[in-house]
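Inside the fold
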Amino acid sequence: MMKGIIVRPGLAGASLDDIGEESGNGRVLVKTLYTGVCGTDREIVAGKLSITRAERGDRLVLGHEALGSVMDPGSSSFSKGDLVVPMVRRPGGCANCAAGRQDYCMDGNFTEAGIRGKDGFMRESFYEEERFLVKAGSGSAGIEKILAEPMKNVMKIRESIFGVIGRGLWDSVKDKGAWIFGTGTEGLLIGSVLSSVGMRVMLVNRHGLPEIAQELARHIGAEFFNSASGDWASGENAVPMDMIVDAAGAPSILLDAVRNIRHTGVIVLFGTGGAGIEEKLNGGTILNMVDKNLTVIGCEDGAREHYEQAVDFISENGEKYGLGKLITGIFPPEDASVLSAKQVGEIKSVIKW
Ligand SMILES: [Zn+2]
């Protein structure tokens, strides 16, 4: 019997059930060690994520953040005991997908494990093609490697930033100020990476900073601003506003940002969602974007190289920055509560298989 957490796309609820056995066909057999839980999983479980669809029939195995151990390498070059992180997005039929950059898919015919059209990793084990597995070390697992999936998004953000700063005649990002909105897992990972490239980091949210996040902020030398306590956009802040990253899924921030960001600034939109922006967007915003030569980057997903960079970054800096402490709760697969609601004090909850 193979247990896994299944959902029925479009309907609310999730259950731990027997999902049946697969056949390997030369693929790698991976024992699941940990799966991460994020807001996307909870939207799916609430029946609210419209893009969700099953791989076959009407059910989908949930889970897109995973760390596993190779049980049987099949015909691959992996060895038994290798730690692996599976990629989420699988190619569609366009030229970018054919080049291994399905993160820039143009026809939309990709699938995503645990989200749309492909079963995910919240199960005891799974078979996977070698080309979709990224090696994350071997032997006993450092649990912080589960952060490789969200971290790969950050590595693509880093690549995107370096791809456009030359347009604003920035010779480097050193000592430029980055304001990061949102202090969940993604916001904190973005902060650690931008700090590591020499930027001055300001973390912003609408409430106090949890203790674990405060500790990470100290490690990376970031400052913190509680936007409920005053006007973040007053311009009287120590960290200059050269770059804004929305990791809060609140793009209305963009509208205040374009008023206050410095000339040739870069705005990265990462969190999804567009609620409430219509009422505030006006010609003045657009004029500011033009006048200041701003660059706005939408950024989504990441490619194999970003997973590899993520694994390397966590290996090299995980201890220094205390990234493992971002994992605030470990749950058994039988405990469905973690799938339906954010836990008290949560930054990243994981399921141990
Ligand atoms: Zn494509």
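Predicted model, so just to flag it, every value in this text is computed and none were measured.

A separate point is the overall build of the chain. Helix and strand content of the chain: nine helices and 19 strands. Compactness check: the chain gives a C-alpha radius of gyration of 20 Å against a globular reference of 20 Å for 353 residues, within 12% of the reference. When the 353 residues of the chain are sorted by exposure, 42% land in the buried category. Of all intrachain contacts in the chain linking residues separated by at least 6 positions in sequence, the fraction that spans at least 24 positions is 68%.

Attention shifts here to the packing of helix H4 (residues 185-196) against helix H5 (residues 211-220). The relative placement of two packed helices comes down to the angle between their axes together with the axis-to-axis distance. At a minimum axis separation of 10 Å, H4 and H5 run at an interaxial angle of 10°. On the basis of the axis angle, H4 is roughly parallel to H5. Contacts from Leu188, Gly191, Ser192 and Ser195 in H4 reach Ala213, Leu216 and Ile220 in H5. Partitioning the contact of H4 with H5 into residue classes produces four nonpolar, three polar and no charged.

With that settled, consider the sheet that holds strand S1 (residues 3-7). Overall, antiparallel pairing links the three strands, which are arranged S2-S1-S4 in an open sheet. Taken across any chain shown, the strands that pair with only one partner, and hence form the sheet edges, are strand S2 (15-18) and strand S4 (60-61). Here S1 pairs with S4 via two bridges, running antiparallel. Of the residues in S4, the one forming a bridge with valine 7 is leucine 60.

Here cysteine 299 is to be found in the loop between strand S17 (295-298) and helix H8 (304-321). Owing to 19 C-beta atoms within 10 Å, cysteine 299 belongs among the partly exposed residues under this scheme. As a C-alpha pair, cysteine 299 and serine 160 span 139 residues in sequence and 7.8 Å in three-dimensional space. Ignoring any residue separated from it by four or fewer positions in sequence, one finds cysteine 299 in contact with Lys156, Ile157, Ser160, Val268, Leu269 and Phe270.

Right, let's talk about the packing of helix H6 (residues 253-260) against helix H7 (residues 283-291) for a bit. Running from N to C, H6 and H7 cross one another at 50°; their axes reach a closest spacing of 9 Å. With respect to H7, the element H6 is oriented oblique. Judged by the twist between their axes, the crossing of H6 over H7 is left-handed. Of the residues in H7, those touching H6 at Leu255, Val258 and Arg259 are Thr285, Asn288 and Met289. Along the lines of polarity and charge, the residues of the contact of H6 with H7 split into three nonpolar, two polar and one charged.

Here the focus is the sheet that holds strand S13 (residues 200-205). Taking strand neighbours across the sheet as the criterion, the six strands line up as S14-S13-S12-S15-S16-S17 in an open arrangement whose pairing is parallel. Edge positions in the sheet fall to strand S14 (223-226) and S17, since each has one partner strand and no second. With direction set aside, neighbouring strand axes in the sheet form an average angle of 20°. Across five bridges, strand S12 (residues 177-181) lies against S13 in parallel orientation. Bridge pairing in S13 links isoleucine 180 to leucine 203. Packed on one face of the sheet, helix H3 (residues 148-164) meets strand S15 (243-246), strand S16 (266-269) and S17 and runs near 150° to S16.

Cut-offs and rules
- Residues numbered from 1 in each chain as written.
- Predicted model: local features only at pLDDT ≥ 70, side-chain atom pairs only at ≥ 80, totals over all residues.
- Helix = DSSP H or I, 4+ residues; strand = E, 2+ residues; numbered from the N terminus.
- Rg over C-alpha atoms; globule rule 2.2 N^0.38 Å.
- Buried ≥ 20, exposed ≤ 12 C-beta atoms within 10 Å, placed from the backbone.
- Contact = placed C-beta atoms within 7 Å.
- Axes fitted to C-alpha atoms, helices over the stretch in contact; angles between N-to-C directions.
- Parallel < 35°, antiparallel > 145°, perpendicular 65-115°, else oblique.
- Nonpolar A, V, L, I, M, F, W, Y, C, P; charged D, E, K, R; others polar.
- Pairing = 2+ DSSP bridges.
- Left-handed = near helix turned anticlockwise from the far one by under 90°.

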